[in-house]
Amino acid sequence: MKIFISGTVQGLGVRPTVYRIAKSLGLKGYVLNKGSNVEICIEGEDGKDEFLDCLLKKLPSLAVIDKIEVKDESVVGYSDFKILKSSEGEKTSLTPVDTAICEDCVCELFERDNRRYLYPFINCTSCGARFSVIENSPYDRVNTSMREFKLCEACLAEYMDPLERRFHAQTTSCPRCGPRYMLYDRTKAVIDAINPIKTFAELVDGGAIGIAKGLGGMHLICSFESAKRLRELYRRPAKPFAAMFRTLDTVKKYLKLDEDEERLLVSPRRPIVLLDKILRSTSRFPSDKLSDISPGLGTVGVFLPYSGLHYVLFHHLHSDAIIMTSANIPGEPMTIINEEAFKLNADYFLLHDCRIVNRLDDSVIKRYRYRDGYDGRNFFLRRSRGFIPVAMKVPYNERILSLGAMENVTTSISKDGNIYTSQYIGNTAYYQTVDFLAAGTEQMLKLLGLRTAEIDSIGLDLHPRYPTRRYGKFLAEEFSIETVEVQHHWAHAASLMLDCGVDEVIALTLDGTGYGSDKKAWGGEILCSRYDSFERLGSLEEIPLIGGEMAVKEIKRLLFAIFSLLGRDTDAAELFDEKKANVMEKLLPRAVGTSSFGRVLDALSCYLGISQEMTYDGEPAMKLERYLAEGTRAYEFNTDVKCTSTSTSTSTNTSTSTGIETGTDRNIVLTLPLFDQLAEYMSRDRDRKMDSVSTERHKADLAYSFVYSLIDELVEIAANACSRSGIPYIGITGGVSYNVPIVRMTEELVRARGLEFLTHNNVPNGDAGISVGQNAIVGYLRNRNR
């Protein structure tokens with residue numbers, strides 16, 4: 001018989017597993033990689049059923065089986081069972097994800113008599129780099145960056161020995177035949193070629209800032225004590241850094257975490273996990289160190305060693321934890337080329353001589369646990385290393401390429417009933433990131449065995465100036481592919497629907513901004529969403545953005561507009577000097593408006609004195625989250641809702657309608673009255689003398705009460721829509737849905753109305769999930785219109 005296994009089945013030890021089972025049963029035949037699948041041939045009748053049973057039980061845990069097809073064929077002429085050379089074939093999936101090195105490799109790493117003692121590139125058939133090193137499938141050494149390193153006799157013997165852990169391990173190597181590290185200073189002079197990692201560790205302990213090249217990119221590394229210097233060098237006054245801790249026990253010695261967070265930290269995928277800044281009572285960890293890592297935030301990003309380099313580095317370090325964050329020019333993709341590293345500000349550079357094929361940033365997860373304690377969800381702020389490429393099932397076979405929005409971009413490609421989403425691309429406002437977008441898209445197409453000309457449709461954001469849109473239009477013209485425009489917040493809602501396995505939802509789509517079908521800036525929307533259409537049932541009142549994007553950076557402009565519209569001229573005048581206030585007043589009538597929930601949070605954060613400006617994306621709202629987490633409904637806020645009739649308009653593209661339903665009544669939740677009441681509370685309480693603790697509690701209660709009132713009104717409108725439509729779900733999506741207290745409020749208010757609450761788990765809540773939603777909508781529309 002012949003057995004065909006499709007799915008994520010290469011680079012995980014499937015062929016060696018098949019080989020061992022077949023040999024143990026005395027079977028004859030072969031196994032080989034064919035395209036992106038595995039083909040097995042068994043000669044004779046005896047032992048076939050037992051073989052299949054054993055195979056299903058003993059497949060590597062990281063293997064993902066989409067389909068096993070068994071065919072009875074006449075097979076003769078085999079005297080033994082062999083692993084044959086891979087052959088070309090259908091490419092129905094991508095390569096496996098990168099994983100942390102396994103416990104066996106960690107043990108070997110510290111065995112003094114082992115030839116891989118302290119060897120930073122240690123791995124085996126079951127662990128290590130996969131996607132980051134592969135150029136094409138099938139997954140063989142010749143198709144990876146490791147082909148440049150010829151196996152020595154000892155490594156080759158392991159590779160050929162069925163009893164070895166490195167039997168057919170495609171990226172195996174040792175100090176004699178594999179990649180090597182060298183340590184350089186900023187003049188590119190070699191500092192240490194003999195013991196570079198030990199010397200690098202000593203320098204970091206001594207206060208130096210270094211760059212270390214890993215398998216998927218480069219990291220900036222320094223001690224906690226050097227955090228302020230790192231911020232000065234990179235002009236990142238407040239942007240949070242991640243911290244790598246020596247072991248899980250080290251994390252638990254300092255910080256409190258639950259079982260779910262613990263499982264994520266030690267999982268083979270090893271993401272950065274955002275943990276609450278709650279120090280254990282027995283911890284001697286200075287709280288100001290955590291403040292330096294993520295100033296003003298209630299969380300800190302923590303992860304554990306996942307490569308041989310990290311384990312060896314901590315073997316030599318005195319520190320229990322170090323700052324480890326992506327090494328890149330601000331706004332540009334993470335650096336992967338040795339020569340480019342020297343353009344960055346650092347004292348020392350720990351670089352190896354193996355090419356990085358596919359750039360992979362660290363994945364970042366915030367864990368959300370439902371109020372009743374049952375189950376929980378993973379909020380992916382960044383889904384990359386360890387989690388891509390992984391397929392998601394969809395009910396269409398069309399080949400759709402979708403390109404996301406502008407920031408936090410990912411691309412998604414659908415083929416044969418699956419969506420494959422790329423690694424984190426980044427902010428395409430930068431030319432280098434657009435280059436990465438194009439290269440990453442081309443690489444994914446190659447791994448899937450697709451040519452650009454074979455794409456059926458390209459999904460694009462409506463925004464006319466997004467670079468992703470320009471790139472999509474270029475591809476469309478070059479290869480005669482139709483484009484389909486998808487409204488930003490509809491894509492958010494669709495990504496939530498796909499994530500939760502539903503076909504319709506009343507969604508609170510809350511974020512910073514997105515181009516609306518009426519050409520206005522949306523961001524606080526209630527949508528009745530299906531894959532073929534959506535209705536805009538409600539939104540927040542528009543707030544003027546004085547100076548456009550300048551109002552996003554300088555939050556006081558938002559407050560000036562709000563207080564001016566409220567007639568609170570005195571409050572407005574206090575924000576700027578007289579000259580600048582006059583300029584703001586003249587610009588106000590011409591300012592574009594936005595219904596963005598994110599901008600409301602920014603204005604609230606600014607007025608409460610929590611964050612006055614945005615030095616990185618989302619900063620004011622992110623700093624507000626800590627106060628929302630500590631606040632209570634100590635204040636009464638009331639708002640109003642007005643109903644307006646939306647004018648009918650139709651949005652279409654080259655050949656396919658985006659399915660927007662228009663002409664419906666829309667409920668507008670007024671936000672100005674909330675700021676009016678907030679100003680009154682602030683004025684009333686300003687005269688009260690409070691100590692610093694009381695002042696912080698006062699801010700937290702005001703913030704919580706304000707936001708709760710707003711969410712309550714949005715959920716009420718959504719619940720009424722559920723009653724009319726029969727849809728039993730209310731969900732929350734968009735960048736604001738990373739805010740745990742806001743999600744918690746929404747969950748409680750939805751459940752109190754007897755409805756089911758939906759939120760994300762596998763697809764990123766924010767703009768990194770846009771390409772997934774676009775793909776689902778375009779695929780559905782094209783499939784329907786076939």
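Summarised in this report is the structure supplied together with it. (Residues numbered from 1 in each chain as written. Predicted model: local features only at pLDDT ≥ 70, side-chain atom pairs only at ≥ 80, totals over all residues. Heavy atoms only, no water.)

Here's the deal with the overall build of the protein chain
Here is step 1: Summing up its helical and strand segments, the protein chain has 24 helices and 31 strands in all.
Here is step 2: What you see for the protein chain is a C-alpha radius of gyration of 28 Å, in line with the 28 Å of a compact globule of 786 residues.
Here is step 3: Structurally, the protein chain occupies a C-alpha span of about 90 × 65 × 50 Å along its principal axes.
Here is step 4: Within the span of the protein chain, comprising 786 residues, buried residues form 62% of the whole. (Helix = DSSP H or I, 4+ residues; strand = E, 2+ residues; numbered from the N terminus. Rg over C-alpha atoms; globule rule 2.2 N^0.38 Å. Buried < 20%, exposed > 50% of the residue type's maximum accessible area, 1.4 Å probe, protein only.)

Considering the sheet that holds strand β22 (residues 482-486)
Here is step 1: The 6 strands lie next to each other as β17-β20-β19-β18-β21-β22, forming an open sheet whose pairing is mixed. Each edge of the open sheet carries a strand with a single partner, namely β17 (391-393) and β22. Strand-to-strand twist of the sheet, defined as the mean angle between neighbouring strand axes without regard to direction, takes the value 25 degrees.
Here is step 2: In the sheet, strand β19 (residues 412-415) pairs with strand β20 (residues 418-421) via 4 bridges, with the strands oriented antiparallel. What sits directly across from I413, in β20, is Y420.
Here is step 3: Contacts between helix α12 (residues 431-447) and the sheet are confined to β18 (400-402), β19 and β20, with β19 contributing the most and set at about 20 degrees to the helix.
Here is step 4: Strands β18, β21 (457-461) and β22 of the sheet are contacted by helix α13 (residues 467-479), whose axis makes an angle of about 160 degrees with β21. (Pairing = 2+ DSSP bridges. Axes fitted to C-alpha atoms, helices over the stretch in contact; angles between N-to-C directions. Contact = heavy atoms within 4.5 Å.)

Thoughts on the nonpolar core
Here is step 1: I506, F597, L678, V707 and I711 are the most contacted members of the largest nonpolar core, which totals 112 residues.
Here is step 2: Of all the elements, helix α22 (residues 692-725) adds the most residues to this core, at 16 residues.
Here is step 3: Those residues within four positions of I711 in sequence are excluded, and the remaining contacts are L510, F597, I742, M745, T746 and L749.
Here is step 4: Core analysis: the next-biggest nonpolar cluster, separate from the first, contains 39 residues, A243, F245, A341 and L351 among them. (Core = buried A, V, L, I, M, F, W, Y, C linked by side-chain atoms within 4.5 Å.)

With respect to a nonpolar patch on the surface
Here is step 1: Together, L56, I65, I68 and V70 make up an exposed nonpolar region whose accessible area comes to about 300 Å².
Here is step 2: Here the nonpolar patch takes 3 residues from strand β4 (residues 64-71), the largest share from any one element.
Here is step 3: Looking at the element boundaries, L56 is found in helix α2 (residues 48-58). (Patch = residues over 30% accessible without salt bridge, like charges linked within 9 Å, V, L, I, M, F, W, Y side chains within 5 Å. Areas by Shrake-Rupley, 256 points an atom, 1.4 Å probe, with all protein chains shown as cover. Salt bridge = Lys/Arg side-chain N within 4 Å of Asp/Glu carboxyl O.)

Observations concerning helix α16 (residues 556-565)
Here is step 1: Of all 10 residues in α16, 7 are buried; the element is thus mostly enclosed.
Here is step 2: Within α16, burial applies to R557, L558, L559, F560, A561, I562 and F563.
Here is step 3: Tucked inside the fold, the buried residues of α16 contact β26 (543-545), α15 (550-553), α17 (569-573), α18 (578-587), α19 (597-607) and α21 (672-686).
Here is step 4: A positive phi of about 80 degrees marks G567, the residue just after α16.

Thoughts on the pattern of salt bridges
Here is step 1: This structure, assessed with the given rule, holds 46 salt bridges.
Here is step 2: Notably, a salt bridge pairs E554 with K580, separated by 2.7 Å at the nearest N-O pair. With a gap of 26 residues between them, E554 in the loop between α15 and α16 and K580 in helix α18 connect regions that are remote in the sequence.
Here is step 3: When salt bridges that share partners are traced, they join D104, E108, R165 and R166 into one network.

Some words on the sheet that holds strand β3 (residues 37-43)
Here is step 1: The strand order β4-β1-β3-β2-β5 describes an open sheet built from 5 strands, whose pairing is mixed. At either margin of the open sheet sits one strand with a lone partner, and together these are β4 and β5 (81-83). For this sheet the average axis-to-axis angle between neighbouring strands, irrespective of direction, equals 15 degrees.
Here is step 2: Here helix α1 (residues 14-24) sits on the sheet in contact with β2 (28-34), β3 and β5, set at roughly 170 degrees to β5.
Here is step 3: This element, α2, spans β1 (2-8), β3 and β4 of the sheet and lies at about 150 degrees to β3.

Some words on the pairing of strand β12 (residues 299-303)
Here is step 1: Where burial is concerned, most of β12 is hidden: 5 out of the 5 residues are buried.
Here is step 2: The side-chain alternation of β12 yields two buried faces, one formed by T299, G301 and F303 and the other by V300 and V302.
Here is step 3: Sheet topology places strand β10 (residues 242-245) next to β12; 3 bridges connect them, and they run parallel. Each bridged residue has a counterpart across the sheet, and for A242 the counterpart in β12 is G301.
Here is step 4: In the sheet, strand β11 (residues 272-276) pairs with β12 via 4 bridges, with the strands oriented antiparallel. Bridging from a neighbouring strand, V273 pairs with V302 of β12.

Let's talk about the packing of aromatic side chains
How two aromatic rings sit relative to each other is set out by the distance from centre to centre and by the angle between their planes.
Here is step 1: Applying the stated rule across the entire model yields 22 aromatic pairs.
Here is step 2: Where F637 meets F706, the ring centres are 5.7 Å apart and the plane angle is 70 degrees; that geometry is what we call edge-to-face. Of this pair, F637 sits in the loop between α20 (619-630) and β28 (641-645) while F706 sits in helix α22; the two residues are 69 residues apart in sequence, bridging distant segments of the chain. F706 carries the same exposure label as F637, and that label is buried. (Phe/Tyr/Trp six-rings, centres within 6.5 Å; stacked < 30°, edge-to-face > 60°.)

A look at helix α8 (residues 259-266)
Here is step 1: Every buried residue of α8 is listed here: D260, E261, L264 and L265. Buried residues of α8, viewed axially, fall in a sector of 135 degrees; they line one side.
Here is step 2: Contacts from the buried residues of α8 go to α7 (248-254), β11, β12, β15 (364-369) and β16 (376-382).
Here is step 3: Backbone nitrogen of D260 and a side-chain oxygen of the N-cap are separated by 3.1 Å at the start of α8; the cap is D258. (Arc of directions from axis to C-beta. Polar contact = N/O pair within 3.5 Å; in protein donor to acceptor, adjacent residues only side chain to side chain.)

Some details on unusual backbone geometry
Here is step 1: That bond from S137 to P138 is cis: its omega, 10 degrees, falls within 30 degrees of zero.
Here is step 2: Structurally, P138 can be placed in the loop between α3 (103-109) and α4 (153-160).
Here is step 3: Note the cis peptide between I388 and P389, where omega equals 5 degrees.
Here is step 4: Within the secondary structure layout, P389 lies in the loop between β16 and β17.
Here is step 5: Phi is positive for H168, which is not a glycine, with a value near 60 degrees.
Here is step 6: One can find H168 in the loop between α4 and β6 (181-185).
Here is step 7: If you check the backbone angles, S480 has positive phi at about 55 degrees while not being a glycine.
Here is step 8: Considering the arrangement of structural elements, one finds S480 in the loop between α13 and β22.

Notes on the packing of helix α5 (residues 196-205) against helix α10 (residues 308-316)
Here is step 1: Taken N-terminus to C-terminus, the directions of α5 and α10 make an angle of 60 degrees; their axes are 8 Å apart at the nearest point. Taken as axis vectors, α5 and α10 run oblique relative to one another. In this structure, α5 crosses over α10, and the sense of that crossing is right-handed. Two secondary-structure elements touch here, α5 through I197, K198, F200, A201 and D205 and α10 through L309, V312, L313 and H316.
Here is step 2: Looking at the contact of α5 with α10, its residues break down into 6 nonpolar, 1 polar and 2 charged. (Parallel < 35°, antiparallel > 145°, perpendicular 65-115°, else oblique. Left-handed = near helix turned anticlockwise from the far one by under 90°. Nonpolar A, V, L, I, M, F, W, Y, C, P; charged D, E, K, R; others polar.)

Some remarks on the environment of S384
Here is step 1: Among the secondary structure elements, S384 is positioned in the loop between β16 and β17.
Here is step 2: Distance in space between the C-alpha atoms of S384 and P589 is 43 Å, their sequence separation being 205 residues.
Here is step 3: Excluding residues that lie within four positions of it along the chain, S384 makes contacts with L360, D361, S363, Q423 and Y424.

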